[in-house]
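Spelled out, the chains give:
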Amino acid sequence: MSFLSATGMTGGYGGSDILHDCTINVEKGEIAVVVGPNGAGKSTAMKAVFGMLNLREGSVVLDGKDITNLAPQERVPQGMGFVPQNRNVFVSMTVEENLDMGAFIRNDDKIEETKEQIFNLFPILGEKRNQPAGELSGGQRQQVAVGRALMTQPKLLMLDEPTAGVSPIVMDELFDKIVEVARTGVAILMVEQNARQALEIADHGFVLVQGRNRFTDTGEALLANEEVRRSFLGG
Amino acid sequence: MEILNALALFANFVVVPATAYGAQLALGALGVTLIFGILRFANFAHGELMSFGAMITILITWFLQNMGVSIAPFPTALLALPIGVLATISLALVTDRMVFRFYRKQRSNPIVFAIVSVGVMFLIAGIIRIVIGPADQSFADGERFIIGAVQSRKALGLDEGIAIKQSQLITVVVTAIVVAWLFWFLQKTRSGKAMRAYSDDEDLALLSGINPERVVMICWVIAAALAAIAGTLYGLDKTYKPFIFLQILLPIFAATILGGIGQPVGAILGAFIVAFSEVTVTYAFKKFLAYLGPTDWAPEGLVQLLSTDYKFAVSFIILVAVLLIRPTGIIRGKVI
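Per chain, residues are indexed from 1 in the order of the written sequence. Think of it this way: whatever chain is written first is A, whatever ligand is written first is 1, and the rest follow in order. Per-residue local features of the predicted model are confined to residues with pLDDT of at least 70, and side-chain atom pairs are confined, for both listing and counting, to 80 or more; whole-chain, interface and lining totals are unaffected and use all residues.

**What about the overall build of chain A?**
So, point 1. Numbering of helices and strands runs from the N terminus, with a helix taken as a DSSP run of H or I at least four residues long and a strand as a DSSP run of E at least two residues long. Helices and strands together make up the secondary structure of chain A, namely 10 helices and 10 strands.
So, point 2. The reference for a compact globule is 2.2 Å times residues^0.38; the radius of gyration itself is calculated from the C-alpha atoms. Over its C-alpha trace chain A gives a radius of gyration of 17 Å, about what one expects of a compact globule, namely 18 Å for 235 residues.
So, point 3. Counting only C-alpha atoms and orienting by the principal axes, one finds that chain A spans roughly 45 × 40 × 30 Å.
So, point 4. Here chain A, with 235 residues, has 45% of them falling under the buried criterion.
So, point 5. A separation of at least 24 residues holds for 67% of the contacts in chain A among residues at least 6 apart in sequence. Exposure criterion: with C-beta atoms placed from backbone coordinates, a residue whose C-beta has 20 or more other C-beta atoms within 10 Å is buried, one with 12 or fewer is exposed, and one in between is partly exposed. Any residue pair is listed as a contact if its two C-beta atoms, each placed from the backbone, are within 7 Å.

Here's what the structure looks like:
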């Protein structure tokens, strides 16, 4: 069984189902990317993994432990870190305070150490540690958001469109950082609009169409797949 | 010399009382702004919370006076204040548990919360009328003046003196200490940061593992403590009138909105602006102008812009003007 196995997820926000028998697996130290056309249920699938959606069927198992019935805030101590797409930093608080808030649930004395690791990963955050996060650029804010999630020392980091609204150069940088994070042994689950670039760094890709798994393969294989290229990657 | 006399007069009748009044309003407005930042509604019961704190403090003060306990030259009320604070915190937590929590669970609209708080306001007002009655109560003892009028006239060598009441000095000192502590708490402590994070973004705070119920509880404790202190200081400075605490909501809300809702610094700023406007506008400038004009001349009328009976009109005008011109307030806050 995979480190995260979300199997047969079926459900929606109360009305009709959005996800139909959707399955997502992520291994430790690997990057899994969920791609698909607009309205395919990519973000919904991730929210389902994080417990923000009532599942009618299916289960979510993290590290051998069934967490299907836990509330989102109860999944954080279980090792899940979630970076929402919007409103993902405390705008009125400084960069450092944002990171401190990420470490809120931790009681150990290694918090400063983790903070230093994050400043090494994202040097710009160290430079701007005393600046309110609301004053930063879009790309820098995303770094704060990822940093805040990493402060909980998650075993699984989930990113909802981390590159939405940032320039291509910043996007490449962010992807590089995400690869670096994965190398430290963290499992990464990411939803992306920029499907081609995301699949290039992905170990596994999940192509969703209308809430169903359409293709599931390694990132490389999906990029090479004629049908995937024609339908979802623009040629 | 005439100019100095005019300034001394102005200081005595405007600057000193307005500073004390501003400090009392600031403590009230801080409570309102904290509740708004965390629980996201305008708490109309805050005035009665102040009144309740003052009432308990008065009852304890009377008890201590009867027992012969005194900390002269300081007013006995200072000794009774901690109990007033504790009682007010208990009342706030009980109302939250019995009333507000229900609506929080329902995720009710802020308007519903505001109207519920009006109900709580009437309830607390009723309790106060039953316990201490509707009449004015005087409970100040100890030294009345720090600097008397005659004393300061001699010291300054002027015709006009600047008298400072002990209650005014106590008000300013206590407010300074409380405000300094509050800002230290919000900026430096774990719980304070959690409160700011929760105020900033509720959902993200939840994702970070911050317990909303705990944040709400701390918020009530602080707001109630501030309310009890503000009510007692106000009663000590003037007299305790149960009815005044309905009217005082207006300047407090004006100060909160003027400063920017949910912004503690703004609440203090707004409180002093409201207090100084109110006192200046209702002050009769006749004697002041007489000093500045030619010898043996005095203006015919009182040169008072507004009768003191209408002093709450000042807050009302400020409130309306802010809502029309800059609804976010001086320091960009939330918009109701």
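Further notes follow.
**Details of unusual backbone geometry**
So, point 1. Backbone torsion omega between Ala72(B) and Pro73(B) reads 10°, so that peptide bond is classified as cis.
So, point 2. If you trace the backbone, Pro73(B) turns up in the loop between α2 (46-67) and α3 (77-105).
So, point 3. You will see that Asp63(A), though not glycine, has its phi angle at about 55°, which is positive.
So, point 4. Not every positive phi belongs to a glycine, and Gln153(A) is a case in point at roughly 50°.
So, point 5. Tracing the backbone through its elements, the reader meets Gln153(A) in the loop between α6 (138-150) and β7 (156-160).

**Examining helix α9 (residues 212-237) of chain B**
So, point 1. The terminal C-alpha atoms of α9(B), which comprises 26 residues, lie 37 Å apart, in line with the 38 Å expected from a rise of 1.5 Å per residue.
So, point 2. Among the 26 residues of α9(B), 19 are classified as buried, and the element is accordingly described as predominantly covered. Expected span, for any helix, means 1.5 Å times one less than how many residues it has.

**So, the interface of chain B and chain A**
So, point 1. Taken residue by residue, the interface counts 12 residues in chain B and 17 residues in chain A.
So, point 2. Only α7 (190-200) and α8 (202-207) of chain B provide two or more residues apiece to the side of chain B that touches chain A.
So, point 3. With 5 residues, the single largest contributor to the side of chain B that touches chain A is α7(B).

**Considering the domain arrangement of chain A**
So, point 1. Domain segmentation is taken from an automatic or database assignment of domains. Partitioning chain A into structural domains gives domain 1 (1-79 + 155-164 + 184-235) and domain 2 (86-153).
So, point 2. Among the residues forming the side of domain 1 of chain A that touches domain 2 of chain A, the class breakdown is 4 nonpolar, no polar and no charged. Amino acid classes used here: Ala, Val, Leu, Ile, Met, Phe, Trp, Tyr, Cys and Pro are nonpolar; Asp, Glu, Lys and Arg are charged; the rest, including Gly, are polar.

**Re the sheet that holds strand β3 (residues 31-35) of chain A**
To summarise the sheet geometry, strands pair through backbone hydrogen bonds and adopt either a parallel or an antiparallel arrangement.
All names here are of chain A.
So, point 1. Strand order in the open sheet formed by 6 strands is β6-β7-β8-β3-β9-β10, and the pairing between neighbours is mixed. Sheet topology places β6 (80-83) and β10 (212-218) at the edges, where each strand pairs with a single neighbour. Between one strand axis and the next, the sheet turns by 15° as a mean value, whatever way the strands run.
So, point 2. Of the strands in this sheet, β3, β7 and β8 (187-191) touch helix α7 (residues 168-183), which is tilted by about 150° from β8. Two strands are said to pair when DSSP picks up at least two bridges between them. Convention adopted: a line fitted to C-alpha atoms gives each axis, helices being fitted over their contacting stretch, and angles between N-to-C directions are expressed from 0 to 180 degrees.

**Details of the nonpolar core**
So, point 1. Here a nonpolar core is just a set of buried residues of the types Ala, Val, Leu, Ile, Met, Phe, Trp, Tyr and Cys, joined wherever their C-beta atoms sit within 7 Å. In terms of nonpolar packing, the biggest core is built from 170 residues, with Met158(A), Ile188(A), Leu189(A), Cys219(B) and Ile229(B) touching the most fellow members.
So, point 2. Sort the elements by how many residues they give to this core and helix α1 (residues 2-39) of chain B lands first, with 20 residues.
So, point 3. Counting only domains with at least three residues in this core, you end up with domain 1 (1-79 + 155-164 + 184-235) and domain 2 (86-153) of chain A.
So, point 4. Apart from residues lying up to four places away in sequence, Leu189(A) is in contact with Leu4(A), Ile24(A), Val26(A), Ala32(A), Met46(A), Val49(A), Leu156(A) and Met158(A).

**Description of the packing of helix α6 (residues 166-188) of chain B against α7(B)**
Residues and elements named next belong to chain B.
So, point 1. For the pair α6 and α7, interaxial distance at closest approach is 5 Å and the crossing angle is 75°. One element, α6, and the other, α7, form an angle in the roughly perpendicular class. Only Gly192, Met195 and Arg196 of α7 make contact with α6, whose side of the interface consists of Phe185, Leu186, Gln187 and Lys188. Note on terminology: angles under 35 degrees are roughly parallel, angles over 145 are roughly antiparallel, angles of 65 to 115 are roughly perpendicular, and the others are oblique.

**Considerations on the environment of Ala133(A)**
Residues and elements named next belong to chain A.
So, point 1. Take Ala133: it is sitting in the loop between α5 (123-127) and α6.
So, point 2. With 26 C-beta atoms counted inside 10 Å, the residue Ala133 sits in the buried group.
So, point 3. Between the alpha carbons of Ala133 and Val89 there is a distance of 6.8 Å; along the sequence they are 44 residues apart.
So, point 4. Here Ala133 is in contact with Val89, Phe90, Val91, Met93, Thr94, Val95, Asn98, Arg141 and Val144, once residues within four sequence places are set aside.

**A word on the pairing of β7(A)**
Residue and element names in this part refer to chain A.
So, point 1. Counting buried positions along β7 gives 5 out of 5 residues, so the element sits mostly inside the fold.
So, point 2. Every second residue of β7 is oriented toward a common face, with Leu156, Met158 and Asp160 on one face and Leu157 and Leu159 on the other, all of them buried.
So, point 3. Where β7 lies against β8, 5 bridges are found, and the strand directions are parallel. In the strand pairing of β8, Met158 is matched with Leu189.
So, point 4. Handedness of the crossover joining β7 and β8 through α7: right-handed. Orient the strands so they point away from the viewer, and a crossover whose first-strand-to-second-strand path over the helix runs clockwise is right-handed.

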